[in-house]
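# Fold and geometry: a report
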Amino acid sequence: MKKALLALLVLLTAGVTAAAESKDPVTVMISTSKGNITVELLPAKAPETVANFLRYVDEGFYNGTIFHRVISGFMIQGGGYDQDNSKKQTHDPVINEADNGLSKVRGTIAMARTGDPHSATAQFFINHTDNPALDHRNKGAGWGYAVFGKVTGGMEVVDRIASVETSPGGPFRQDAPREMVIIENISLINE
């Protein structure tokens, strides 16, 4: 029985697994209530991070989640809370690949994390502006945040999301959009 379930799981995830294992860029579409954002993922630079992100995409984890933290001129963050502002259960964290040479420039996508450098799970953020202060500096005091891709289409959607009014809301003391911005789904684009 276990072998049959494992074989089924392998078949179901074959497309995402092949994309995650390839060193070639992979394209995903983030469909939101404000429009679509096309993102090119960079497995050659952040293989563990891209594989982790694609695992959540394959599972449909992001469908119906929200951008829960928005700071214009900084970033938009989402992928961890549902529309009831409940935090979703995640897999174990991945290692921090912020030392991959990619800088937090406008339009890059990076993993969100806690103060622990190796705590990223599902939440991500898109840089609304250049944020070099978030770059990797050294393994001791400045781990930074792992960039794993870049927006290739729909930056105007990122701008629209970044411009929504924010206030305290749900479990958040600040920076929560007053108008809910929904991540309807994230899907792999076959090119």
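Quick note: structure is the one above.
Because the structure is predicted, anything quoted here is derived from the model rather than measured.

## Some remarks on the overall build of the protein chain
When its secondary structure is counted, the protein chain shows 4 helices and 10 strands. When the helices and strands of the protein chain are listed from N to C terminus, the series reads α-α-β-β-α-β-β-β-β-β-α-β-β-β. Out of the 191 residues belonging to the protein chain, those deemed buried represent 46%. Long-range contacts, defined here as pairs at least 24 residues apart, represent 68% of the contacts in the protein chain between residues at least 6 apart. Looking at the protein chain as shown, the accessible area adds up to about 9600 Å², and 52% of this sits on carbon and sulfur atoms.

## Structural notes on unusual backbone geometry
Of note, the phi angle at Asn85 is positive, near 60°, even though the residue is not glycine. Mapped onto the fold, Asn85 is located in the loop between strand S4 (75-82) and strand S5 (108-111). Positive phi, normally seen in glycine, also occurs at Asp175, with a value near 65°. For Asp175, the position within the fold is in strand S9 (residues 172-177). What makes Asp175 buried here is its relative accessible area of 16%.

## Considerations on the nonpolar core
Among soluble globular proteins, nonpolar side chains are generally buried collectively. Counting residues in each nonpolar core, the largest one holds 35 residues, and the members touching the most others are Tyr62 and Phe124. With 8 residues, the next largest nonpolar core counts Leu42, Met75, Ala110 and Phe125 among its residues.

## Section: the pattern of salt bridges
Going through the model one piece at a time under the given rule, you end up with 6 salt bridges. The salt bridge involving Glu59 is made with Arg55; its shortest N-O contact spans 3.6 Å. Highlighted residues: Glu59 and Arg55, both in helix H3 (residues 47-59), separated by 4 residues, approximately one helical turn. The partner of Asp159 in a salt bridge is Arg106, and the shortest N-O contact between them spans 3.0 Å.

Definitions and limits used
- Residues numbered from 1 in each chain as written.
- Predicted model: local features only at pLDDT ≥ 70, side-chain atom pairs only at ≥ 80, totals over all residues.
- Heavy atoms only, no water.
- Helix = DSSP H or I, 4+ residues; strand = E, 2+ residues; numbered from the N terminus.
- Buried < 20%, exposed > 50% of the residue type's maximum accessible area, 1.4 Å probe, protein only.
- Contact = heavy atoms within 4.5 Å.
- Areas by Shrake-Rupley, 256 points an atom, 1.4 Å probe, with all protein chains shown as cover.
- Core = buried A, V, L, I, M, F, W, Y, C linked by side-chain atoms within 4.5 Å.
- Salt bridge = Lys/Arg side-chain N within 4 Å of Asp/Glu carboxyl O.

No statement about biological role is implied by the geometric values presented.
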